[in-house]
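# Geometric and topological summary
So you can see what is in the structure, the chains are spelled out below.
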Amino acid sequence: KKILFIVGGISIDRVYRTYVKDYLKEELITYSPDKIKNILENNSSIDILVTHSAPMWCIPQGIDAPIVKNYISLDKGDLKTDLEDERDILGKYFDELNDKFKFKYHFYGHFHRNSRQKIGDCDHILIGIGDFIDLDKLEKLKQEEPDKFS
């Protein structure tokens, strides 16, 4: 299996953090057509995408969770915009790369809970704190109980 990692994620609690010491503005994901082009040109297949956060259309949709709203209310900067941009950019990356690679799985974990949703042919799996995913067991379960994965 070939895996692509797209790393980076916003610290929603940055109002309580010290810049450079325990958070960086550079942690924000930025869109790069050159990176997309490089990935598309130099890979014939990618089976799995791993990201820290997820596109806006993945669970949880939007940025309306109470904890997020609380941090947005405390932040004197652009946290709301940064969070929306991050998820929009991840959606753009996913769509552009998935057109060619047809990802089988997308794993992400930023939201501290477990969830799974199938969108198109891709299983988007949100991994909670301290959880592990055994890909071999997941594949076996999909074969044994396909109705759970449709």
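Residues numbered from 1 in each chain as written. Predicted model: local features only at pLDDT ≥ 70, side-chain atom pairs only at ≥ 80, totals over all residues. Heavy atoms only, no water.

## Topic: the environment of Tyr-31
The residue Tyr-31 is located in the loop between β1 (3-6) and α1 (33-42) in this model. In sequence terms Tyr-31 and Lys-92 are 61 residues apart; their C-alpha atoms lie 8.1 Å from each other. Residues within four places of Tyr-31 in sequence aside, it is in contact with Ile-36, Ile-89, Lys-92, Tyr-93 and Glu-96. For Tyr-31, the side chain forms a polar contact with the side chain of Glu-96, separated by 2.8 Å. (Helix = DSSP H or I, 4+ residues; strand = E, 2+ residues; numbered from the N terminus. Contact = heavy atoms within 4.5 Å. Polar contact = N/O pair within 3.5 Å; in protein donor to acceptor, adjacent residues only side chain to side chain.)

## Topic: the pattern of salt bridges
Summed over the entire model, instances satisfying the criterion amount to ten salt bridges. Residue Asp-82 is joined to Arg-14 by a salt bridge in which the shortest nitrogen-to-oxygen separation is 2.9 Å. Note that Asp-82 is positioned in helix α3 (residues 79-101) and Arg-14 in the loop between β1 and α1, a separation of 68 residues in sequence. Asp-82 gets classed as buried once you look at its relative accessible area, which sits at 15%. The exposure class assigned to Arg-14 is buried, which follows from its relative accessible area of 10%. A salt bridge links Glu-84 to Lys-80, with the shortest nitrogen-to-oxygen separation between them at 2.8 Å. Of this pair, Glu-84 and Lys-80 both sit in helix α3, separated by four residues, roughly a single helical turn. Relative accessible area serves as the criterion here: at 25%, Glu-84 is assigned to the partly exposed category. (Salt bridge = Lys/Arg side-chain N within 4 Å of Asp/Glu carboxyl O. Buried < 20%, exposed > 50% of the residue type's maximum accessible area, 1.4 Å probe, protein only.)

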